[in-house]
Amino acid sequence: AGLAAGLAGFFLLPPTPEGFFFSLSSIVAALVNLLPAPGLDGGSLIAVILASAGREDLAPRVLRVSGFVVAGLFLAAECALQIAGGGNFSLLVLTAWLLCRLLVPRRTV
């Protein structure tokens, strides 16, 4: 839905800075949501694919490793942006959330 909204914004909204920002932010949010990490749709997709292949026991380990890889990439991008002088703290917040999902055990009810 986010990709569709972003692409529709590019083609249907008038060419204004606000329309461009809406379209670009919708596409970026949708792409981030597709990353293979726990708590994101990409992580759920990996879990479903592994379960359909009969390897649901492998899903938590794969998601944990891929989640740390994604968090490491986010942290590297945040550091590069900070060094360049145009820091983006939203990457830092996203990295902290992802690391908390990976490191703090989840309570089951």
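(A) Quick look at the packing of helix α3 (residues 41-52) against helix α4 (residues 59-84). Running from N to C, α3 and α4 cross one another at 150 degrees; their axes reach a closest spacing of 9 Å. By the angle class used here, α3 and α4 are roughly antiparallel. Viewed along their axes, α3 and α4 form a crossing whose handedness is right-handed. Where α3 approaches α4, its residues G43, I46, A47 and L50 are matched on the opposing element by A59, V62 and L63. Its residues placed into classes, the contact of α3 with α4 shows six nonpolar, one polar and no charged.

(B) Seen up close, the environment of R64. Relative to the assigned elements, R64 resides in helix α4. For the pair R64 and L7, spaced 57 residues apart in sequence, the C-alpha separation works out to 32 Å. Setting aside chain neighbours within four positions, we find R64 in contact with L102 and L103.

(C) Structural context of a nonpolar patch on the surface. Residues L7, F10, F11, L12, F20, L24 and V28 make up a contiguous nonpolar surface patch of about 750 Å² in total accessible area. For the nonpolar patch, the elements supplying multiple residues, two or more each, are α1 (2-12) and α2 (17-33). It is α1 that contributes the most residues to the nonpolar patch, four residues altogether. Following the sequence through the fold, F10 ends up in helix α1.

(D) Here's a closer look at the side chain of S23. With respect to the helices and strands, S23 occurs in helix α2. Contacts of S23, omitting those with residues within four sequence positions, involve G6, G9 and F10.

(E) Region of the structure containing the nonpolar core. Counting residues in hydrophobic clusters, the biggest one holds eight residues: A37, L40, V70, A71, F74, L91, L98 and L102. Setting aside its immediate chain neighbours within four residues, A37 contacts G43, G67 and L98.

(F) Spatial organisation of α3. In this model α3 runs 16 Å from its N-terminal to its C-terminal C-alpha over 12 residues, within 8% of the 16 Å that 1.5 Å per residue would give. Among all positions of α3, only G42, G43 and L50 are buried. Looking straight down α3, one finds that the buried residues subtend no more than 105 degrees of arc, so they occupy a single side. The outward face of α3, more than 90 degrees from its buried face, is lined by the exposed residues V48 and S52. Structurally, α3 contributes buried residues whose contacts are with α2 and α4. At the C-terminal side of α3, G54 shows a positive phi close to 80 degrees.

Cut-offs and rules
- Residues numbered from 1 in each chain as written.
- Predicted model: local features only at pLDDT ≥ 70, side-chain atom pairs only at ≥ 80, totals over all residues.
- Heavy atoms only, no water.
- Axes fitted to C-alpha atoms, helices over the stretch in contact; angles between N-to-C directions.
- Helix = DSSP H or I, 4+ residues; strand = E, 2+ residues; numbered from the N terminus.
- Parallel < 35°, antiparallel > 145°, perpendicular 65-115°, else oblique.
- Left-handed = near helix turned anticlockwise from the far one by under 90°.
- Contact = heavy atoms within 4.5 Å.
- Nonpolar A, V, L, I, M, F, W, Y, C, P; charged D, E, K, R; others polar.
- Patch = residues over 30% accessible without salt bridge, like charges linked within 9 Å, V, L, I, M, F, W, Y side chains within 5 Å.
- Areas by Shrake-Rupley, 256 points an atom, 1.4 Å probe, with all protein chains shown as cover.
- Salt bridge = Lys/Arg side-chain N within 4 Å of Asp/Glu carboxyl O.
- Core = buried A, V, L, I, M, F, W, Y, C linked by side-chain atoms within 4.5 Å.
- Buried < 20%, exposed > 50% of the residue type's maximum accessible area, 1.4 Å probe, protein only.
- Expected span 1.5 Å × (residues − 1).
- Arc of directions from axis to C-beta.

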